[in-house]
Amino acid sequence: MTAVLFDMDGVIVDSESDWKRHKYENILPEVTPDQNVDNSETTGMYYPEIYDHLDENYETAVSRERFLDMFESAGRTIYGQEAKQIEGVP
């Protein structure tokens, strides 16, 4: 049996800039209004962990469930319409 396991983001599709844009234009302004959250604080985190981090370190204005819905909606938009396939991937 042969198997290949890899991470999609940065390997098959380029979605990092799309995620940054969605987080900083749509998600974070609603979740942590009027607070400056540095991108490096949450880059590479699984999105449920991002909420936990924000809730522990900032004043969050939405519930965890609302945050998860926002991230899932952004993911559908990014992977359904915006992310570009990495050049050279068949």
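Note on numbering: residues in each chain are counted from 1, in written sequence order. Reporting of local features is limited, given that this is a predicted model, to residues whose pLDDT is at least 70; pairs of side-chain atoms are given and counted only at 80 or more, and all residues count toward the totals for whole chains, interfaces and linings. Here the side-chain values reflect all heavy atoms present in the structure, with hydrogen atoms and water set aside.

### Side note on the environment of G75
Moving on, step 1. With respect to the secondary-structure elements, G75 resides in helix 3 (residues 64-82).
Moving on, step 2. C-alpha of G75 to C-alpha of N57: the two residues are 18 residues apart in sequence and 24 Å apart in space.
Moving on, step 3. Excluding anything up to four places from it in sequence, G75 contacts W19 and G80. Helical segments are the DSSP runs of H or I of at least four residues, strand segments are the runs of E of at least two, and each set is numbered from the N terminus. The criterion used for residue contact is that any of the two residues' heavy atoms lie within 4.5 Å.

### Examining the nonpolar core
Moving on, step 1. As used in this record, nonpolar core signifies buried Ala, Val, Leu, Ile, Met, Phe, Trp, Tyr and Cys residues forming a set joined through side-chain atoms within 4.5 Å. For every residue, the accessible area obtained with a 1.4 Å probe (protein chains only) is divided by the maximum for its type, and the residue is called buried under 20%, exposed over 50%, and partly exposed between those limits. Counting 18 residues, the largest nonpolar core has I27, V31, L54, F67 and F71 as its most contacted members.
Moving on, step 2. Discounting residues that sit within four places of it in the chain, F71 has contacts with W19, K23, I27, Y47 and I50.

### Focus on helix 1 (residues 16-31)
Moving on, step 1. Fitting one axis to the seven residues ending at a residue and another to the seven starting there, the bend at that residue is the angle between the two axes. By the largest-angle criterion, K23 marks the main kink of helix 1, which is about 45°.
Moving on, step 2. Every buried residue of helix 1 is listed here: D18, W19, H22, K23, I27, L28 and V31.
Moving on, step 3. Against the buried residues of helix 1 lie strand 1 (13-14), helix 2 (47-57) and helix 3.

None of this, on its own, says anything about what the molecule does.
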